[in-house]
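# Close look at the chain arrangement
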Amino acid sequence: MPAVGMGCWMGEVGGGERVGRMVEKALKLGYRHIDTAAGYGNEEMVGKAIKESGIPREQLYITTKLSNAAHDKVVEGFEASLAKLDCGYIDMYLMHWPVAVVDGKVLPPTASPTIIDTWLSMQSLLQTHKSQLRSIGVSNFSIKTLTQLFADERVTVIPATNQVELHPYLPQMGLKEYCEQKGILLTAYSPLGQPPATARSSPDAPPLLLGDSVVVSLAEKYGATPAQILLNWGIQRGTVVIPKSENEGRMKANITIVHLDESDMAALNALHDQPGMHRSLLPYHQKGDNGSGVFGWSYEWLGWEGMGDGGVIG
Ligand code: A2P
C-alpha cells in the first residue's frame, strides 16, 4: 500500500464533479493510492476519473469500504462498490465501522450481524471473489473490538489494515503498538486533523492542528508547510496517511517527503500530553441514549478508551 493516498471524503455525501476533478489531478501529480467508501456516495465518479487517467490498473491501489447499512449483505455491498468503481478489482475492502445498521436501526454489539458475522462474510469474499479482491481490513476498530474479533476461532484472516483517525492530538499509541504486534498496518484518516469548514466555524470548534505552535515552528525549521510536518510524522512512524485535498499546490506538497529529526518526532509525539489536547478533532461525536459516541455506538461499545463528550480524552 503506498504510504500516501488521496482521501475521497468530500465533507458531504457525493461531491460528484469535485471528486472527479480531484482524483484526475491527483493521478496526474503522482498519487497512486485512492481511498473511497460506499458511504461517501462517490465511487462512480472516482472510478470514472481512474479509468480516464489511462494509468495501468496494476499501478494503482484502490481502497473502498462496506457501509454500515450493508453488514447483513456483504456480497451485495462489495459487488455494488466494484460495479460503481468499475476498476476490475479492489485492492483493499474495509469494514467502515464496527456498527451495523439494519432496516435503518443501529444494532448493539451483541446483535447479529455482529462484527464477527460481518468479518466472516468478508473473509468468504476472499474465496468467492478471488480475482476481484486482494485484501480486507477494518476501520474505526479499537483494541477492544479487534480483541473481540480475534477471540473467535473462525477468524482466520488478520485485517491487513485498520484505518482510524490519527494525528498528533490523537496519536493512538496503544492501538499502534497492538496493531504492530498483530501485523496490522495503521492507516491515518484526517491526518491533518482538519474538519470541514462548516465544523470549524462553530463556536466550540476544536483547535486547529495546522496552527499548533510546535507544528508551525517545525514547518519553519524545515522550510516545509505545517501539513507536510504532520504527514511526515505519520509516515515516519510507519503509518499510511490519506489526506484529502482539491488544491493542486497542497496535493503536491502532501505527497512530498520531508525527513524529520528524531527530536522533532519526539516533540510531535508529546503534543497530546498538553492539557485538553488529547482528542479527536472530528465533528461526528454525538450524545446518544447510551452516552456519547459515534454513529449510534457509545465510546464503550467502540472501545474508544478514555474518550468523553466531544471526543476529548482524559
Ligand atoms: P483542500 O481540499 O482545499 O486542500 P483531512 O484529510 O485531514 O481530513 O484534511 C482535509 C482538509 O484539509 C480539507 O479541507 C483540505 O482542503 C485541507 N488540506 C489538505 N491539504 C492541506 C494542506 N497541505 N494545508 C492546509 N490544508 C490542507
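First, a word on scope: everything that follows refers to the structure included in this document. Values in this document were obtained by computation on a predicted structure and should not be read as measured data. (Residues numbered from 1 in each chain as written. Predicted model: local features only at pLDDT ≥ 70, side-chain atom pairs only at ≥ 80, totals over all residues. Heavy atoms only, no water.)

The periodicity of an α-helix, 3.6 residues per turn, causes residues three or four places apart in sequence to face the same way. Within helix H9 (residues 226-236), eight of the 11 residues are buried, which leaves it mostly tucked inside the rest of the structure. Within the span of H9, buried status applies to Ala-227, Gln-228, Ile-229, Leu-230, Leu-231, Asn-232, Trp-233 and Gly-234. Looking at the buried side of H9, the elements it contacts are helix H8 (213-222), strand S10 (240-241), helix H10 (248-254) and helix H11 (262-269). Looking one or two residues beyond H9, the residue adopting positive phi is Gly-238, at roughly 85 degrees. (Buried < 20%, exposed > 50% of the residue type's maximum accessible area, 1.4 Å probe, protein only. Helix = DSSP H or I, 4+ residues; strand = E, 2+ residues; numbered from the N terminus. Contact = heavy atoms within 4.5 Å.)

Our focus in this paragraph is the site of the ligand. As a structural note, the neighbourhood of the ligand is formed by 13 residues, with Lys-244, Ser-245, Glu-246, Arg-250 and Asn-254 the closest of them. Within the side chain of Ser-245, a nitrogen or oxygen atom sits 2.6 Å from an oxygen atom of the ligand. Arg-250 is positioned such that a nitrogen or oxygen atom in its side chain is 2.7 Å from an oxygen atom of the ligand. Burial of the ligand by the protein chains amounts to 79% of its free accessible area of 570 Å². (Near = heavy atom within 4 Å. Polar contact = N/O pair within 3.5 Å; in protein donor to acceptor, adjacent residues only side chain to side chain. Areas by Shrake-Rupley, 256 points an atom, 1.4 Å probe, with all protein chains shown as cover.)

Here we take up the sheet that holds strand S13 (residues 297-298). Read across the open sheet, the three strands follow the order S11-S12-S13; overall the sheet is antiparallel. Taken across any chain shown, the strands that pair with only one partner, and hence form the sheet edges, are strand S11 (285-288) and S13. For S11 and strand S12 (residues 291-294), the ladder comprises four bridges, and the chain directions are antiparallel. Paired with Lys-287 across the strands is Ser-292, a residue of S12. (Pairing = 2+ DSSP bridges.)

Moving on: the sheet that holds strand S3 (residues 61-66). Taken in spatial order, the eight strands make up an open sheet running S1-S2-S3-S4-S7-S8-S9-S10, and their pairing is parallel. Two strands in the sheet have a free side with no partner beyond their single neighbour: strand S1 (6-7) and S10. For strand S8 (residues 161-165) and strand S9 (residues 185-189), the ladder comprises five bridges, and the chain directions are parallel. Note on S9: the bridge partner recorded for Asn-162 is Leu-186.

What follows covers the pairing of S8. Of all five residues making up S8, five are buried, and the element is well covered by its neighbours. With two bridges joining them, strand S7 (residues 133-139) and S8 adopt parallel strand pairing. Across the sheet, Val-138 pairs through a bridge with Asn-162, a residue of S8. A crossover links S7 with its parallel partner S8, the connecting element being helix H5 (residues 143-150), and its sense is right-handed. Once the chain exits S8 it traverses helix H6 (residues 173-182) before rejoining the sheet at S9, and the crossover so formed is right-handed. (Right-handed = clockwise from strand over helix to strand, strands pointing away.)

Quick look at the pattern of salt bridges now. This structure, assessed with the given rule, holds 14 salt bridges. Between Glu-52 and Lys-48 there is a salt bridge whose closest N-O contact spans 3.6 Å. Taken together, the residues span about one helical turn, with Glu-52 and Lys-48 both in helix H2 (residues 43-53) at a distance of four residues. Residue classification places Glu-52 among the exposed residues on the basis of a relative accessible area of 59%. A salt bridge links Lys-73 to Asp-72; the nearest nitrogen and oxygen atoms lie 3.2 Å apart. Its relative accessible area of 38% is what places Lys-73 among the partly exposed residues. Connected through shared salt-bridge partners, Glu-12, Arg-18, Lys-244 and Glu-246 make up one network. (Salt bridge = Lys/Arg side-chain N within 4 Å of Asp/Glu carboxyl O.)

If you check which residues of H2 are buried, you get Glu-43, Val-46, Gly-47, Ala-49 and Ile-50. An end-on view of H2 places all buried positions within 160 degrees of arc, on one side of the element. The outward face of H2, more than 90 degrees from its buried face, is lined by the exposed residues Glu-44 and Glu-52. (Arc of directions from axis to C-beta.)

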